[in-house]
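Structure at a glance
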Amino acid sequence: MIRNIINLKAIILYFGLILCLIAGMPTPAYGSSSYPVKEESYVLVINSYVDGERWSGNLLNMISKFATPEEYTLRIDHISVMLVDTPEKLKEKQEVFFEANKKKPDGIIYLGVNGWAFMRDKIREKWGDIPTLVCSETGEMAENECYFNQRHSSDRVIPLQEAVKGYNATGLVIPYYVKGSIDLVKELIPGLKRLIFISDRRYVSTWLRDEMEKHMETSFPEGKVDFYTEGSCSMDSLMAVLSEKDPHRATAVMYYSWITEKPFLNHSLLYSTLYQGINGISRHPVFSLYDMGVEEGYTIGGYYNSSKTIETALIPLLQQVYNGEDMGKIPVSTVDDPHKYLNYVSLMSAMSNEDNFPHDAIYLNAPPSFLEKYWMPLLLSLIHISEPTRHAQIS
């Protein structure tokens with residue numbers, strides 16, 4: 001019976017993923033996927049990752065909302081550096097980039113620091129020192145060799161502030177809160193024994209796996225973490241662990257990313273759609289390290305900076321890029337106002353003990369409170385009650 005349920009769930013997930021892939025418009029790994037650009041001046045967004053990857057997609061939504069076509073011209077290039085694993089492939093990537101972007105932009109916004117590491121010197125050599133903003137998750141830049149090998153090494157990185165020194169550039173760090181995320185899961189599941197951490201082969205994922213191991217030792221020594229990494233395990237094995245029944249309800253999933261490579265003719269396509277279906281298939285509650293569609297129910301929630309908080313820090317920097325200001329005079333800043341965000345409906349579906357629900361969390365899709373629901377009748381009642389008193393006073 002359990003095997004039949006697992007097979008049925010697997011079929012549902014695969015079918016759902018196929019629909020997501022069709023709708024997701026995958027990005028060629030070697031090439032440009034950009035919006036048309038007018039002849040006048042413009043700002044170029046260089047997305048280090050793939051079109052459809054949620055972290056960069058959140059930032060692109062904020063940038064596009066700011067840079068309306070009526071006021072600004074914006075071009076977006078998804079350079080997908082994940083498959084750049086040799087100096088030769090980097091050279092090829094740079095050639096393809098300049099073939100797609102012949103006109104010098106007035107400003108550049110990087111999403112992901114590895115794109116900055118790969119392109120900054122070539123861009124300055126060809127176009128000069130252009131006002132630049134680098135958005136980073138880690139707050140540091142590694143040597144190219146680390147990005148080629150997709151391996152994090154703490155002795156081969158420099159702070160982002162040092163990396164932008166000498167360039168017309170500044171940075172905005174949008175960090176992940178691994179310790180706070182672990183603490184939130186433990187708060188919701190006091191009997192937690194196991195975390196399943198899902199990620200991919202990208203450099204930032206290796207950095208996060210190191211962070212997860214470090215904080216598990218200090219914040220959750222009684223538990224264990226199992227890493228399921230795209231490229232190291234199959235979709236079938238991932239499906240199997242997500243479908244396992246845990247009678248003690250002592251397992252939770254921490255989902256980060258699952259970018260998949262698929263061959264296509266002489267190139268490769270990269271997909272990032274698993275997050276859209278994982279909460280529906282997993283027997284274990286699914287949490288995330290940033291806003292990965294929590295309100296839509298893609299995950300239960302997490303401990304992170306909200307999109308509004310990030311946007312508040314991002315917009316002034318975007319304005320300075322568009323104004324052509326000297327970005328090198330602006331110190332690297334960090335978005336740092338995290339909160340616990342939880343989807344109330346998903347949370348109630350995953351666990352029934354409301355006693356463990358944090359009082360300091362922000363609940364999305366929660367039912368209205370008594371006052372929120374009945375404020376108008378209560379107000380009318382108060383007015384009605386006060387009327388006789390007012391008339392009596394007049395008399």
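Notes on the structure in this doc start here.

Definitions and limits used
- Residues numbered from 1 in each chain as written.
- Predicted model: local features only at pLDDT ≥ 70, side-chain atom pairs only at ≥ 80, totals over all residues.
- Heavy atoms only, no water.
- Helix = DSSP H or I, 4+ residues; strand = E, 2+ residues; numbered from the N terminus.
- Buried < 20%, exposed > 50% of the residue type's maximum accessible area, 1.4 Å probe, protein only.
- Contact = heavy atoms within 4.5 Å.
- Areas by Shrake-Rupley, 256 points an atom, 1.4 Å probe, with all protein chains shown as cover.
- Axes fitted to C-alpha atoms, helices over the stretch in contact; angles between N-to-C directions.
- Parallel < 35°, antiparallel > 145°, perpendicular 65-115°, else oblique.
- Left-handed = near helix turned anticlockwise from the far one by under 90°.
- Salt bridge = Lys/Arg side-chain N within 4 Å of Asp/Glu carboxyl O.
- Phe/Tyr/Trp six-rings, centres within 6.5 Å; stacked < 30°, edge-to-face > 60°.
- Lys NZ or Arg CZ within 6 Å of the ring centre and 35° of its normal.
- Pairing = 2+ DSSP bridges.

For the rest of this paragraph, the subject is the overall build of the chain. Secondary structure summary: the chain contains 13 helices and 18 strands in total. Burial status across the chain gives 51% buried among its 395 residues. Expressed as a percentage of contacts within the chain between residues at least 6 apart in sequence, the contacts between residues at least 24 apart total 76%. Only carbon and sulfur atoms are counted for the fraction: they give 55% of the accessible area of the chain, which is about 19,200 Å².

Okay, the packing of helix α2 (residues 54-66) against helix α11 (residues 307-322) next. Relative orientation of the contacting elements α2 and α11 amounts to 50 degrees, with a least axis distance of 10 Å. With respect to α11, the axis of α2 lies oblique. Helix-helix and strand crossings are classified by hand; for α2 and α11 the assignment is right-handed. For the pair α2 and α11, contact is made by Leu59, Met62, Ile63, Lys65 and Phe66 and by Ser307, Ile310, Glu311, Leu314, Ile315, Leu318, Gln319 and Tyr322, respectively.

This paragraph deals with the pattern of salt bridges. By the definition in use, this model includes 17 salt bridges. We note a salt bridge from glutamate 296 to arginine 54, for which the minimum N-O separation is 3.6 Å. Linking glutamate 296 in the loop between β14 (286-288) and β15 (301-304) with arginine 54 in helix α2, this pair joins segments that are 242 residues apart in sequence. For the salt bridge of glutamate 230 with arginine 201, the shortest nitrogen-to-oxygen distance reads 2.8 Å. Here glutamate 230 is found in the loop between β10 (224-229) and α9 (235-243), whereas its partner arginine 201 is found in the loop between β9 (194-199) and α8 (203-219), with 29 residues between them in sequence. Residue glutamate 230 is classed as buried on the basis of its relative accessible area of 8%. Here the salt bridges do not stand alone but share partners, grouping Arg194, Lys224, Asp226 and Glu244 into one network.

Counting across every chain of the model gives 20 aromatic pairs. On the basis of an interplanar angle of 70 degrees and a centroid distance of 6.2 Å, the ring pair of tyrosine 256 and tyrosine 290 is categorised as edge-to-face. With tyrosine 256 in the loop between β11 (251-255) and β12 (260-264) and tyrosine 290 in the loop between β14 and β15, the pair connects residues that are 34 residues apart, well separated along the chain. Tyrosine 290 sits in the buried class, given a relative accessible area of 7%. A network of ring pairs unites the aromatic residues Phe118, Tyr147, Phe148 and Tyr203 as a single cluster. Over the face of the ring belonging to phenylalanine 98 we find lysine 126, whose NZ or CZ atom lies 5.5 Å from the ring centre. Cation over ring: arginine 202 sits above tyrosine 49, and NZ or CZ is 4.6 Å from the ring centre.

Read across the open sheet, the 6 strands follow the order β3-β2-β4-β5-β8-β16; overall the sheet is parallel. Two strands bound the open sheet, and with one partner strand each, they are β3 (74-78) and β16 (333-334). Here 5 bridges tie strand β5 (residues 132-136) to strand β8 (residues 169-173), and the two strands are oriented parallel to one another. Across the sheet, residue leucine 133 finds its bridge partner in β8, namely threonine 170. Against the sheet, α2 touches β2 (43-47), β3, β4 (107-111) and β5, its axis set at about 150 degrees to β4.

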